[in-house]
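Summary of the model geometry
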Amino acid sequence: MSFIVLLFILSAEIIFRLVVEIREWRLFNKKIPFAFFRCVPILNDFFPFPENIHEEKKSSRFIDAHEQAHKKLHHKLLRNLLKLCFYSLMVLLIVILLGEWRFSLLEIVLWFHVALGIFRLFYHRICWNQEEEADKLARDSVGKNEAKRELSKLEKAENPSSLLFAFLYKEHPPAFSRRMNLN
């Protein structure tokens with residue numbers, strides 16, 4: 001019974017991801033080669049499709065202040081602790097599923113995928129909040145006008161995406177959203 005439910009959830013997720021991809025293509029008139037790999041959920045769990053392949057490291061006062069804010073607020077440590085907790089719980093769940101309930105390997109992979117999907121949404125929300133905190137500290141450090149100017153440059157440089165797409169696949173909110181939140 002749980003196997004059928006897991007397959008139904010997986011099928012619904014594939015359809016949802018296809019709808020999101022098609023929506024992105026229509027909104028921004030962009031077709032990314034091999035983007036359909038994002039629609040294969042379990043493959044995407046282990047080998048996520050990279051977003052900004054050609055992204056260069058740029059530097060400005062705002063970017064430097066933003067990165068310093070991340071360090072000051074220990075965001076990297078918090079993100080890594082969240083990942084450690086999640087994967088530790090997943091190991092425990094896998095041991096229980098294998099030992100006590102005698103689930104097949106396929107069922108365990110499907111359960112892992114469902115749990116990872118839920119975790120990723122929670123994790124992305126926390127990352128977005130951390131980005132907003134770092135942006136505000138950087139804005140206070142360099143000034144509102146320079147912060148908005150730098151985020152406008154970033155907006156022009158990054159691949160455009162909707163908030164839904166970004167929330168599903170990216171740890172950073174789109175630059176237009178970050179610029180709007182600086183007020």
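The structure displayed is predicted, hence computed values, not measured ones.

So, how was this worked out
Residues numbered from 1 in each chain as written. Predicted model: local features only at pLDDT ≥ 70, side-chain atom pairs only at ≥ 80, totals over all residues. Heavy atoms only, no water. Helix = DSSP H or I, 4+ residues; strand = E, 2+ residues; numbered from the N terminus. Buried < 20%, exposed > 50% of the residue type's maximum accessible area, 1.4 Å probe, protein only. Contact = heavy atoms within 4.5 Å. Areas by Shrake-Rupley, 256 points an atom, 1.4 Å probe, with all protein chains shown as cover. Lys, Arg positive; Asp, Glu negative; His and termini not counted. Charge placed at Lys NZ, Arg CZ, Asp CG, Glu CD. Axes fitted to C-alpha atoms, helices over the stretch in contact; angles between N-to-C directions. Parallel < 35°, antiparallel > 145°, perpendicular 65-115°, else oblique. Left-handed = near helix turned anticlockwise from the far one by under 90°. Nonpolar A, V, L, I, M, F, W, Y, C, P; charged D, E, K, R; others polar. Expected span 1.5 Å × (residues − 1). Patch = residues over 30% accessible without salt bridge, like charges linked within 9 Å, V, L, I, M, F, W, Y side chains within 5 Å. Salt bridge = Lys/Arg side-chain N within 4 Å of Asp/Glu carboxyl O.

Brief notes about the overall build of the protein
The helix and strand inventory of the protein stands at 8 helices and 0 strands. Each helix and strand of the protein, placed in order from N terminus to C terminus, yields the pattern α-α-α-α-α-α-α-α. Expressed as lengths along the three principal axes of its C-alpha atoms, the size of the protein is roughly 60 × 40 × 25 Å. Within the span of the protein, comprising 183 residues, buried residues form 36% of the whole. For the protein, contacts bridging at least 24 residues in sequence account for 77% of all contacts bridging at least 6. When the accessible surface of the protein is split by element, carbon and sulfur atoms take 67% of a total near 11800 Å². In the protein, 27 side chains carry a positive charge and 21 a negative one; their mean positions are 4 Å apart.

A word on the packing of helix H3 (residues 61-72) against helix H5 (residues 105-142)
The contact between H3 and H5 brings their axes to 8 Å, and the two run at 125°. In terms of orientation, H3 lies oblique with respect to H5. Along this stretch, H3 crosses H5, giving a crossing that reads as right-handed. Each of Arg61, Phe62, Ala65, His66, Ala69 and His70 in H3 lies in contact with H5, whose residues at this interface are Gln130, Glu131, Ala134, Asp135, Leu137, Ala138, Arg139, Ser141 and Val142. Among the residues forming the contact of H3 with H5, the class breakdown is 7 nonpolar, 4 polar and 4 charged.

Comments concerning helix H1 (residues 2-28)
Helical periodicity: at 3.6 residues per turn, an α-helix aligns residues three or four positions apart in one direction. The end-to-end C-alpha distance of H1, which contains 27 residues, comes to 39 Å, matching closely the 39 Å that a straight helix rising 1.5 Å per residue would cover. Within H1, burial applies to Leu6, Leu10, Glu13, Arg17, Val20, Glu21 and Glu24. Of the surrounding secondary structure, the elements contacted by the buried residues of H1 are helix H2 (41-46), H5 and helix H7 (163-169). Asparagine 29, located one to two residues past H1, shows a positive phi value of around 50°.

Some points on a nonpolar patch on the surface
On the surface, a nonpolar cluster with roughly 730 Å² of combined accessible area is contributed by Phe34, Phe36, Phe37, Val40, Leu43, Phe46 and Phe47. Within the secondary structure, phenylalanine 46 is located in helix H2.

Some details on the packing of H3 against helix H6 (residues 144-157)
Taken N-terminus to C-terminus, the directions of H3 and H6 make an angle of 95°; their axes are 9 Å apart at the nearest point. In terms of axis orientation, H3 runs roughly perpendicular to H6. Two secondary-structure elements touch here, H3 through Arg61, Phe62 and Ile63 and H6 through Glu146, Ala147, Glu150 and Leu151. Split by residue class, the contact of H3 with H6 holds 4 nonpolar, no polar and 3 charged.

Interpretation in functional terms is not warranted from these geometric data alone.
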